[in-house]
Amino acid sequence: MDYGASIRQRLTASRLSEKVAIEFRKVLAPLLIRRSPLCGATFTGWDGAELPYFCHRHNVTWRNERAVELPVAVDFLYRHGDGTGLEFGNVLNHYGLGKPRTVIDRYETAAGVTNIDVLDIDPRLRFDYIVSISTLEHVGWDETPREPGKAELAYQHLRSLLAPGGRMLITIPLGHHEHLDELVAARRIDVFRQMTLVRESHGWRRVDGVEHHPYEPRRGARSVWIAEVGPMTSVLPAP
């Protein structure tokens, strides 16, 4: 989605067709979920753990990367979700997931969501954990005018907000933001650990490191890069 465009610019024939198809699948969701081979199955996450695919009517999760991103997020919150938290991009609330936390989303208006740019988050704040699900790839890329380097600045800013010992989870659908993909492939984003989940005909396959596949607008990501990040070595003191 072009987040910087007007409503008229967004209402193209292809986008309207895609939106109608998504809404139709939502209506049929109870039936489609029962027929999906992913629902009730598992995939391999961190440390060889078997995680259940996430099947939910909202955003027809079983058809896209949410099927694996959300279980990884739940696992992350179980391990690191104590203390003060921040979510960049309002995603988890749609599925009733996560604990009370600050939610930042520049464009989505909802109860409990603060509408500010990621770079405008107060640099004096500190969080024990940060979660960002399929959001960083939109920063600067789906805005008008386009700023390819803004996503890297956003990543560095988020990381600087981690308290000592804090941890951040980031998921990025590869194939959407070309500049960000290049940074990931060149290992220019410093992370604690990383993996790629690759969509195949029978489910999602885990790869240690980075495996890039083209993005499919109607089906979503074919590969999702997932990383856990620790705090920067030098940050401003907390207020």
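Above this note sits the structure.
Residues numbered from 1 in each chain as written. Predicted model: local features only at pLDDT ≥ 70, side-chain atom pairs only at ≥ 80, totals over all residues. Heavy atoms only, no water.

Enquirer: Sorry if this is basic, but what is going on with the packing of aromatic side chains here?
Expert: What characterises a pair of aromatic rings is the spacing of the ring centres plus the angle enclosed by the ring planes. Evaluation of the coordinates by the stated rule reveals two aromatic pairs. Taking 5.1 Å as the distance between ring centres and 40° as the angle between the ring planes, the aromatic pair formed by Phe43 and Tyr53 counts as tilted. Residue Phe43 is located in strand E1 (residues 42–44), and its partner Tyr53 is located in the loop between strand E2 (50–52) and helix H4 (66–80); the two are separated by 10 residues in the primary sequence. Phe43 sits in the buried class, given a relative accessible area of 2%. Its relative accessible area of 9% is what places Tyr53 among the buried residues. Plain terms: the ring middles of Phe54 and Tyr95 are 5.6 Å apart, the flat faces sit at 90° to each other, and that makes the pair edge-to-face. (Phe/Tyr/Trp six-rings, centres within 6.5 Å; stacked < 30°, edge-to-face > 60°. Helix = DSSP H or I, 4+ residues; strand = E, 2+ residues; numbered from the N terminus. Buried < 20%, exposed > 50% of the residue type's maximum accessible area, 1.4 Å probe, protein only.)

Enquirer: Is there a simple way to explain the state of the cysteines in this structure?
Expert: By definition, a disulfide is the covalent link that joins the sulfur atoms of two cysteine residues. What the rule picks out here adds up to one disulfide. The residue that forms a disulfide with Cys39 is Cys55, at a sulfur-sulfur distance of 2.1 Å. Taking the sign of the torsion about the S-S bond as the criterion, the disulfide between Cys39 and Cys55, at about -110°, is left-handed. Here Cys39, found in the loop between helix H3 (29–35) and E1, pairs with Cys55, found in the loop between E2 and H4; they are 16 residues apart in sequence, far enough to count as distant. Judged by relative accessible area, Cys39 falls into the partly exposed class, the value being 23%. Given the relative accessible area of 23%, Cys55 is considered partly exposed. (Disulfide = S-S within 2.5 Å.)

Enquirer: Looking at this structure, I do not really get helix H5 (residues 150–160). What am I missing?
Expert: Three- or four-residue spacings in an α-helix give side chains the same orientation, since the helix completes a turn every 3.6 residues. For H5, a buried count of eight out of 11 residues is recorded, marking the element as mostly surrounded by other parts of the structure. Of the residues making up H5, those classed as buried are Lys150, Ala151, Ala154, Tyr155, His157, Leu158, Arg159 and Ser160. Of the surrounding secondary structure, the elements contacted by the buried residues of H5 are strand E3 (85–88), strand E6 (127–133), strand E7 (162–173), helix H6 (178–185) and strand E10 (223–229). (Contact = heavy atoms within 4.5 Å.)

Enquirer: Honestly, the pattern of salt bridges in this entry has me stumped. Any pointers?
Expert: Two side chains carrying opposite charge are able to pair once their charged atoms lie near each other. The tally for this structure, following the rule as stated, stands at 19 salt bridges. The residue Arg206 makes a salt bridge to Asp208 at a minimum N-O spacing of 2.6 Å. Between Arg222 and Glu216 there is a salt bridge whose closest N-O contact spans 4.0 Å. Here the salt bridges share partners, and the residues they tie into one network are Asp47, Asp75, Arg79, Arg167, Arg193 and Glu228. (Salt bridge = Lys/Arg side-chain N within 4 Å of Asp/Glu carboxyl O.)

Enquirer: Would you mind going over the nonpolar core with me for this structure?
Expert: Generally speaking, nonpolar side chains in soluble globular proteins are found buried as a group. Within the largest apolar cluster, 27 residues are counted, with the highest numbers of intra-cluster contacts made by Val72, Val131, Leu169 and Ile226. Secondary-structure elements contributing two or more residues to this core are H4, E6, strand E8 (193–200) and E10. For this core, the leading source of residues is H4, giving seven residues. Sequence-distant contacts of Leu169, that is, excluding residues within four places in its chain, are made with Val72, Ala73, Phe76, Ile130, Val131, Ser132, Ile133, Ile226, Ala227 and Glu228. Counting residues in hydrophobic clusters, the runner-up holds 26 residues, among them Leu136, Met168, Ile172 and Ile189. (Core = buried A, V, L, I, M, F, W, Y, C linked by side-chain atoms within 4.5 Å.)

Enquirer: Would you take a moment to explain the environment of Val72 for this structure?
Expert: Tracing the backbone through its elements, the reader meets Val72 in helix H4. Beyond its immediate chain neighbours, meaning those up to four positions away, Val72 contacts Phe43, Trp46, Leu51, Leu169, Met195, Leu197 and Ile226.

Enquirer: Just checking my understanding: could you explain the side chain of Asp105 for this structure?
Expert: Tracing the sequence through the fold places Asp105 in the loop between strand E4 (102–104) and strand E5 (113–114). Of the side chains with opposite charge, Arg106 comes closest to the buried, unpaired Asp105, at an N-O distance of 8.5 Å. Only 2.9 Å separates the side chain of Asp105 from the backbone nitrogen of Asn90, close enough to count as a polar contact. Reaching out from Asp105, the side chain makes a polar contact with the backbone nitrogen of Tyr107 at a distance of 3.0 Å. If near-sequence neighbours (up to four positions away) are discounted, Asp105 is found in contact with Gly89, Asn90, Val113, Thr114, Asn115 and Ile116. (Lys, Arg positive; Asp, Glu negative; His and termini not counted. Polar contact = N/O pair within 3.5 Å; in protein donor to acceptor, adjacent residues only side chain to side chain.)

Enquirer: What am I meant to see in the sheet that holds E5 here?
Expert: Within the open sheet, the eight strands sit side by side as E5-E4-E3-E6-E7-E10-E8-E9. Their pairing is mixed. For this open sheet the edge positions go to E5 and strand E9 (203–208), each flanked by a neighbour on one side alone. (Pairing = 2+ DSSP bridges.)

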